[in-house]
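Residue-level structure breakdown
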Amino acid sequence: MQGKNKHIEKVMLAVRKPFHWNTALFIGLAGFLSGIIIPTILLFVVYILYIPELPNPEQLEEYQPPLVSRMYSSDGVLLAEFAGEKRIWVSIDDVSPWFIKALIATEDRRFFEHWGIDPLRIAGAMIANLKAGEIVQGGSTITQQLSKNLFLTPQKVLVRKIKEALTSIRLEHKYSKYELLELYINQNYMGKGCYGVQSAAQTFFGKNASELGPAESALLVGLLRAPSYYLRKPERAIRRRNLVLNIMAKSDFMNDECKIEPEQLDSLKSVPFSLQEQIKAKGWKAPYFVDFVRRELADIYGEDWLYTQGVTIYTTLDYHLNKATAETLRARLHQMQRKIQVTHHDDDPEYTEVVFDSTIGDTVRKWKELNGGVFAIENESGRILVFVGGKDFDKNQFNRITQAVRQPGSAFKPFVYTAAIDNGWQPSDLIEDTPGIWPMAGRKVWRPHNYDHKYLGKITLREALQKSRNLATIRLCEQVGPANVIKYAHRLGITTPLDPVLSIAIGSSGVKLWDMVVAYSVFPNLGVKVKPIYIDKIVNRDGTVIYQGKTQKEEILCRGTAYVVTSMLKSVIEHGTGYAARMFGFMHPAGGKTGTTDEYSDAWFIGFTKLYTAGVCVGYNDLTPIGEGMTGSRAALPTWTKLMLNLYPKSPTEKDKFDVPYDEVVFLTIFMKSGLLATQRCPKMNEVFLRRNYIPDEYCPLSHTEEDSTEQQDFRRIGPDSRDSIPPANIDQINKKQQRKGGL
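Keep in mind the model is a prediction, meaning the values are calculated, not measured. (Residues numbered from 1 in each chain as written. Predicted model: local features only at pLDDT ≥ 70, side-chain atom pairs only at ≥ 80, totals over all residues. Heavy atoms only, no water.)

1. Remarks on the sheet that holds strand E5 (residues 312-315)
Just so we agree on the cut-off: Two strands qualify as a pair provided that DSSP identifies no fewer than 2 bridges between them. Where helices and strands are cited, they refer to DSSP runs of H or I of at least four residues and of E of at least two residues respectively, numbered from the N terminus. Under this scheme, a helix contributes an axis fitted over its contacting stretch, all axes are lines through C-alpha atoms, and angles between N-to-C directions fall in the 0 to 180 degree range. Residues are treated as being in contact if the distance between any of their heavy atoms lies within 4.5 Å.
Spatially, five strands are ordered E2-E1-E5-E15-E16 in an open sheet, and the strand pairing comes out mixed. Looking at strand neighbours, the two that pair on one side only are strand E2 (78-82) and strand E16 (545-548), the edges of this open sheet. Between one strand and the next, the sheet's axes are offset by a mean angle of 15°, whatever the strand orientation. In the sheet, strand E1 (residues 69-72) pairs with E2 via four bridges, with the strands oriented antiparallel. When the bridges of E2 are listed, Met71 appears paired with Ala80. On the sheet, helix H14 (residues 287-301) packs against E1, E2, E5, strand E15 (535-539) and E16 and is oriented at approximately 45° with respect to E2.

2. Details of the sheet that holds strand E8 (residues 371-378)
Hydrogen bonds between backbone groups are what pair the strands of a sheet, and the pairing can be parallel or antiparallel. Strand order across the open sheet formed by five strands is E9-E8-E20-E19-E18, with antiparallel pairing between neighbours. Edge positions in the open sheet fall to strand E9 (384-388) and strand E18 (591-596), since each of these has one partner strand only. Mean inter-strand twist for the sheet, computed between neighbouring axes without regard to direction, equals 5°. With four bridges connecting them, E8 and E9 associate as antiparallel partners. Looking at the pairing, Ile377 lines up with Ile384 of E9.

3. A short note on empty space enclosed by the protein
Using the following cut-off: Think of a 1 Å grid over just the protein atoms. A cavity is a set of points where a 1.4 Å probe fits yet cannot get out, a pocket is an open set with protein on both sides within 12 Å along at least five of seven lines, and lining residues have an atom within 4 Å of a point. Grid points are joined across faces, edges and corners, and a volume is the space filled by probe spheres set on the points. Classes in brief: Ala, Val, Leu, Ile, Met, Phe, Trp, Tyr, Cys and Pro nonpolar; Asp, Glu, Lys and Arg charged; the others, Gly included, polar.
Taken as a whole and assessed by the stated rule, the structure comprises two cavities of 30 Å³ or more. When its volume is computed, the largest cavity comes out at roughly 100 Å³. Listed by contribution, the elements that provide at least two residues to the lining of the largest cavity are E8, strand E19 (602-608) and strand E20 (612-619). Class assignment for the residues of the lining of the largest cavity results in six nonpolar, five polar and four charged. Looking at the second largest cavity, its volume works out to about 40 Å³. In this structure, the second largest cavity is lined by Phe99, Leu103, Tyr184, Ile185, Asn188, Met190, Gly196, Val197 and Leu224.

4. Observations concerning a nonpolar patch on the surface
Stated formally: Like charges are joined within 9 Å and nonpolar side chains (Val, Leu, Ile, Met, Phe, Trp, Tyr) within 5 Å, but only among residues with over 30% relative accessible area and no salt bridge; these make up the patches. Where accessible areas are quoted, they stem from the Shrake-Rupley method and a 1.4 Å probe; at the residue level, only the protein chains shown are allowed to cover. In what follows, salt bridge is the name for a side-chain nitrogen of Lys or Arg lying within 4 Å of a carboxyl oxygen of Asp or Glu. For the exposure calls, accessible area comes from a 1.4 Å probe over protein chains only, and a residue counts as buried if that area is under 20% of its type's maximum, exposed if over 50%, partly exposed in between.
Among the surface-exposed residues, Ile300, Tyr301, Ile546 and Tyr547 lie close enough to one another that they form a single nonpolar patch of about 360 Å² accessible area. Checked against the element boundaries, Tyr547 lands in strand E16. Among the residues examined, Tyr547 registers a relative accessible area of 34% and is labelled partly exposed.

5. A short note on the pattern of salt bridges
Under the defined criterion, the tally for this structure stands at 20 salt bridges. Among the ionic pairs, Lys207 bridges to Glu216, the shortest N-O distance being 3.0 Å. In this structure, Arg383 and Asp536 form a salt bridge, with 2.7 Å as the shortest nitrogen-oxygen distance. With Arg383 in the loop between E8 and E9 and Asp536 in strand E15, this residue pair connects regions lying 153 residues apart in the sequence. Taking relative accessible area as the criterion, Asp536 reaches 23% and is therefore assigned partly exposed. In this structure, a network of salt bridges that share partners links the residues Asp291, Arg294 and Arg295.

6. Structural notes on the environment of Arg294
The residue Arg294 is located in helix H14 in this model. Accessibility expressed as a relative area gives 16% for Arg294, which makes it buried. Put simply, Arg294 and Phe82 are 212 residues apart on the chain and 9.3 Å apart in space, counted from C-alpha to C-alpha. In contact with Arg294, other than residues within four places in its own chain, are Phe82, Trp284, Glu303, Leu306 and Tyr307.

7. Thoughts on a negative patch on the surface
Threshold: When charges are counted, neither His nor the chain ends are considered; positive counts come from Lys and Arg and negative counts from Asp and Glu. Every charge is mapped onto a representative atom, which is NZ of Lys, CZ of Arg, CG of Asp or CD of Glu.
There is a patch of like negative charges on the surface, built from Glu350, Asp598, Glu599 and Glu628. Residue classification places Glu599 among the exposed residues on the basis of a relative accessible area of 61%.

8. Structural notes on the pairing of strand E21 (residues 665-670)
Across the six residues of E21, five count as buried, placing the element largely inside the fold. Looking at chain direction, E21 and strand E22 (residues 685-690) are connected through six bridges and run antiparallel. Residue pairing for E22: Leu668 is matched across the bridge by Glu687.

9. Focus on helix H16 (residues 319-343)
For the record, the criterion: By this rule the span expected of a helix is its residue count minus one, scaled by 1.5 Å.
Over its 25 residues, H16 extends 36 Å from the first C-alpha to the last, a length consistent with the 36 Å expected when each residue adds 1.5 Å. Turning to H16, its buried residues are Tyr319, Leu321, Asn322, Thr325, Ala326, Thr328, Leu329, Arg332, Leu333, Met336, Gln337 and Ile340.

10. Some points on the confidence of the model for the protein chain
Predicted coordinates in areas of low pLDDT are best not read in detail. How we decide: Note on scores: pLDDT gives the predictor's confidence for each residue, bounded by 0 and 100.
Mean pLDDT over the protein chain: 84, with 80% of residues reaching 70 or higher. Note that residues 1-17 has pLDDT below 50 and, in this model, zero contacts with residues that lie over four places away or in other chains. For residues 722-731, every residue scores under 50 in pLDDT, and the model assigns this stretch 17 contacts once sequence neighbours within four places are set aside.

11. Comments concerning the side chain of Asp656
Spelled out, the test is: We define a polar contact as two N or O atoms separated by no more than 3.5 Å, with the added condition that, inside protein, one atom must be a possible hydrogen donor and the other a possible acceptor, whereas residues neighbouring each other in sequence contribute only through side-chain atom pairs.
Here Asp656 lies in the loop between helix H25 (637-647) and E21. Although Asp656 is buried, it forms no salt bridge, and the closest oppositely charged side chain is Lys610 at an N-O distance of 7.2 Å. A polar atom in the side chain of Asp656 sits 2.9 Å from the backbone nitrogen of Thr653.

12. Some points on the packing of aromatic side chains
Working definition: an aromatic ring pair is given by the centre-to-centre distance plus the angle between the planes. Basically, it comes down to this: Classification of ring pairs rests on two measures: the distance between centres of Phe, Tyr or Trp rings, Trp counted by its six-membered ring, which must be within 6.5 Å, and the angle between planes, read as stacked under 30 degrees, edge-to-face over 60 and tilted in between. Two conditions define a charge located above a ring, namely a distance within 6 Å from the ring centre to NZ of Lys or CZ of Arg, and an angle within 35 degrees of the ring normal.
A full pass over the atoms with the stated rule returns 31 aromatic pairs. Ring centres 5.8 Å apart and planes at 90° place the aromatic pair Phe586 and Trp640 in the edge-to-face group. Placement of Phe586 in the loop between helix H23 (580-583) and E18 and of Trp640 in helix H25 is noted, with a sequence separation of 54 residues between them. With relative accessibility at 0%, the residue Trp640 sits in the buried group. Each residue in the set Phe289, Phe292, Phe375, Phe387, Trp514 and Tyr534 is aromatic and connected to the rest through ring pairs, giving one cluster. Looking at Arg491, its charged tip hangs above the ring of Tyr488, at a distance of 4.6 Å from the centre. Over the face of the ring belonging to Tyr314 we find Lys537, whose NZ or CZ atom lies 5.2 Å from the ring centre.

13. What about the pairing of E18?
On any regular strand, side chains alternate: one points to one face of the sheet, the next to the other face. The buried fraction of E18 amounts to five of the six residues, a majority that puts the element mostly inside the structure. Where E18 meets E19, six bridges bridge the pair, whose relative direction is antiparallel. Across the sheet, residue Thr596 finds its bridge partner in E19, namely Ala603. In textbook terms, the turn of a hairpin is the stretch between consecutive antiparallel strands, and for E18 and E19 this stretch comprises five residues, one of which, Glu599, has a positive phi near 65°.

14. What about the environment of Pro482?
Relative to the assigned elements, Pro482 resides in helix H20 (residues 482-492). Distance in space between the C-alpha atoms of Pro482 and Asp499 is 8.4 Å, their sequence separation being 17 residues. Among residues more than four places away in sequence, those in contact with Pro482 are Cys477, Pro500, Val501, Leu502 and Ile504.

15. Quick look at the packing of helix H11 (residues 234-250) against helix H12 (residues 262-269)
We apply this condition: Roughly parallel here means an angle under 35 degrees, roughly antiparallel means over 145, roughly perpendicular means 65 to 115, and every remaining angle is called oblique. Crossing handedness is defined as follows: a turn of the near helix away from the far one that is anticlockwise and smaller than a right angle gives a left-handed crossing, while the clockwise case is right-handed.
Packing of H11 against H12 brings their axes to within 10 Å, and their N-to-C directions diverge by 165°. As summarised for this structure, H11 and H12 are arranged roughly antiparallel, according to the angle between their axes. Note on packing geometry: the crossing formed by H11 with H12 is right-handed. Here Arg241, Asn242, Leu245, Asn246 and Ala249 of H11 come into contact with H12, specifically with Leu265, Leu268 and Lys269. Grouping the amino acids of the contact of H11 with H12 by side-chain chemistry returns four nonpolar, two polar and two charged.

Okay, here's the thing in structure tokens:
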């Protein structure tokens, strides 16, 4: 023990040696050199060594961080957001002062005083870490964190820290504090895919960054250190938020407008953690349309463009109309599905299928799902108004407007009649609706039949289309030529391959709903084909319009032919297979055509008014029959009619009537049985004729009496003949003459 005491005494004596000025001066000089001069020299040497490897701060002049792109409907509804990094740039002037206070007080309280690095903060962090025996506190300033995020890697190595410090000094020299702070609040990751305070505020709290309160600001700033760690467990986030609130309450920064009183602090800490309720996946609205536009933009600009450029896309879609139409389609499909499930057993192999159920780890049998699509455009502009590509996008992303190729059935027939009218036929010409047999390859024969298995003999083209007579249309196609019909179909807008066989007349080749709607819109457009457009404009992050949607038109059919076919398709709705539209209450002038394929596997209705054209297609994905009697008028027309009633909430007016090209067509009153101009004695029928084709110029000779044996004679023309058409002047004279005789 004595040895120990002597040793201690020696140490004590050494400490008590008398003061010497030389020694003090030496120690002071050494401290100055080691504390100021040497670090400065070392810093200069390090700077010289690493300057070639440092990033150029001027890169920030052209820095454009990935921003969230947004897509809107024409009625102002946000349809979707796209972001690899969900970032919405916001000016520092549009950020809540509470957030600024929380950020500065917690992350860098001497931010407005230092020059990029904070020696006092670094020293304090070193002491705290030494005491704890581990890294518990960081010494990086906001500028250093920005340097790391923008230019460097997150690796915790000495070289990176040196570069980080030097880059921060250069940034502070180049940019103002406010510019650096604005970059920081928009750059940092804040959890759940959100980058920057504006994106986080909208995602977590459903508000803008300017509206954040003290508790919300404290939570967001608290997340900066490790977003995923705190968001996984609410109690962690609450503890971190309350710690930041304590720091804010003690800080004098911005106390003139953001001061937290002691009694206010306790209430802020007691605010419940409601973040999880706000973080819910927001799916796309009108998802089939959004996905279609996304794919189109990817083809034009590249796959990553939409997720990085922060553009705003203003589309043509009417969201509320689209939503109502989707609901109508789903309701109608549900009705038909229920009928099928009631009339068939749940193990029927035709209407059920075996699928693997991951929840039980085994296969189960479930009902097949009936599906469909609805597509509507504005005739004049081509703007897409409705785009419902299926019943449920989450279950099946297959787009029945642009991807599905289905047989249209009788909905294809207008192309046959278009080819006929444009090549000399008139609506009043006769065609045979009688049974027929046509040879096929391999010594087979084709025996088509009408839907009702009945035949009407000689009927007019108008009646044949109005009543959707298969045999009459096939015979007309035979005379016009299948190749000629296909030429017209492609000219009108059909893009899929079509087989040049007689069965094309009744829709044996597959088509797309998109193409059918485009083709039908040519008729009310008087021969003008309009390419559908889906974007009104695209605005970049700076507010500059970089794309403007433009209507593209092409005249592909003479106005007279288009109007005559329009008139014939009007008859389908007025008196034919589309009459159910009138029964459902839609009374506006309209034309259209139903379509039903063999075994009822597909049901169509394509129709138009003066302003709009829309199409509906219903069927199973694997062509399973929809059910006995499920024609286009029963399965598809109700959805089309409801869409039109939504488009036309008011009663029809004169403005709703189709435009008539009087220079190319003429209206005459004829006697239906003879096909000749009607006299005062004749039962009259009004008919439209294409001026350039043959027009009747003789009056009906029948007396319409019981003794008149000539009534059995057939004066009507069957198809175009070699006679020249009547000059326009003579047609007008006939019109006036008929009026004098009480005809028209």
